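Notes for the structure review
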Amino acid sequence: MKKSLRILVVDDDIDNAQSLAELFDMEGHVAMAVHSGEAAIEAHKTRHFDLAFMDVMMPGLNGVESFLRIRQMQPQARIFMMTGYSVEDLLRQAVEQGALGVLSKPMDLDAILKMVNDVGSDGLMVAPSFGSHYGQTLQGLIAGSGKPCHLMSQTHGSLDIAKDESVLIVDLQAPLIDSVGICNTLRKDGHRHPTIIVTPPSTLLDSELDPLHDVAVTGVLNKPFDPMTLLDRLEILAV
């Protein structure tokens, strides 16, 4: 028997929110639907949810802003973004800047350095991992070229880094949206680093993200998606 999960659905489209919540209820879960980022924050203040699905584009507090506030209150909250936009658009909005690149070749130092220069000090790049300790490998390559480089990983680095224009590599082995949140915090604190976010293997497929296959890694669920396929993945997403 599948575990009954407590699920929050956040979408300003009332019909969409109610339909998804009712589908979860019919499958034996306990779902609640709210229709704004502010309501989602209030719900997390008084209740525990195993999962939350939040639309990105909402009036008032958008989904990314709401996500970051909820994570400040509950760092372990499992929140997934729902968006009809590409993940690239979501990342642009999350870090409030427009320079973004996707690194798709392993160990191509020339391509990495070119993209670092192209995106500039406010730029963000996404790199799928090509093996374990890929962040350390990238750091070694970039530092070996003579360009200063910081690494932030599960075991190395922190938010207390120098405010300079060296390259920052974020390799947390966490959902992509979590790393974006950290980048957003750093920028608000005045940090200006060309930043490379390393995602676990198989996250990027031909520079596009598979809407359901990789949602556990990216934290992003692209619309339209098959609700029945999502049901099959709920327990995996809740872990």
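Here's what I pulled together on the structure shown here. Every value quoted in this text rests on a predicted model; they were computed, and no experiment measured them.

Reading guide: rules and limits
- Residues numbered from 1 in each chain as written.
- Predicted model: local features only at pLDDT ≥ 70, side-chain atom pairs only at ≥ 80, totals over all residues.
- Heavy atoms only, no water.
- Buried < 20%, exposed > 50% of the residue type's maximum accessible area, 1.4 Å probe, protein only.
- Helix = DSSP H or I, 4+ residues; strand = E, 2+ residues; numbered from the N terminus.
- Pairing = 2+ DSSP bridges.
- Right-handed = clockwise from strand over helix to strand, strands pointing away.
- Phe/Tyr/Trp six-rings, centres within 6.5 Å; stacked < 30°, edge-to-face > 60°.
- Contact = heavy atoms within 4.5 Å.
- Salt bridge = Lys/Arg side-chain N within 4 Å of Asp/Glu carboxyl O.

1. Some details on the pairing of strand β4 (residues 79-83)
- β4 sits mainly inside the fold: five of its five residues count as buried.
- Burial along β4 is two-sided: the residues Ile 79, Met 81 and Thr 83 and Phe 80 and Met 82 are all buried.
- The pairing of strand β3 (residues 51-55) with β4 spans four bridges and is parallel. Across the sheet, Asp 55 pairs through a bridge with Met 82, a residue of β4.
- For the crossover from β3 across helix α3 (residues 63-73) to β4, the handedness is right-handed.
- As paired elements, β4 and strand β10 (residues 220-222) share three bridges and run parallel to each other. Of the residues in β10, the one forming a bridge with Met 81 is Val 220.

2. Comments concerning the packing of aromatic side chains
- One pass over the full model with this rule turns up two aromatic pairs.
- Put simply, the rings of Phe 24, Phe 53 and Phe 80 pair up and form one aromatic cluster.

3. Quick notes on the pairing of strand β6 (residues 124-128)
- Of all the five residues making up β6, five are buried; the element is thus mostly covered by neighbouring parts of the structure.
- On β6, burial covers both faces: Leu 124, Val 126 and Pro 128 on one face and Met 125 and Ala 127 on the other are all buried.
- Pairing geometry for β6 and strand β9 (residues 195-199), over five bridges, is parallel. By the bridge assignment, Val 126 is partnered in β9 with Ile 197.

4. Re the environment of Leu 68
- The residue Leu 68 is located in helix α3 in this model.
- Residue Leu 68 is classed as buried on the basis of its relative accessible area of 19%.
- The spatial distance from the C-alpha of Leu 68 to the C-alpha of Val 180 is 9.6 Å, given a sequence separation of 112 residues.
- Residues contacting Leu 68, with those up to four places away along its chain left out, are Gly 181 and Asn 184.

5. Digging into the pattern of salt bridges
- Using the criterion set out here, one finds six salt bridges in the structure.
- One salt bridge in this structure joins Asp 11 and Lys 223, with 3.4 Å as the shortest N-O distance. A residue pair is termed long-range when its members are at least 10 positions apart, and Asp 11 in the loop between β1 (6-10) and α1 (14-26) and Lys 223 in the loop between β10 and α9 (227-237) qualify at 212 residues.
- Overall, Lys 223 belongs to the partly exposed group, its relative accessible area being 28%.
- For Arg 71, the salt bridge goes to Asp 178, with nearest N and O atoms at 2.9 Å. On the criterion of sequence distance, the pair formed by Arg 71 in helix α3 and Asp 178 in helix α7 (residues 176-188) is long-range, its members being 107 residues apart. When sorted by exposure, Arg 71 lands in the same class as Asp 178, which is buried.
- Residues joined by salt bridges that share partners form a network here, namely Asp 11, Asp 55 and Lys 223.

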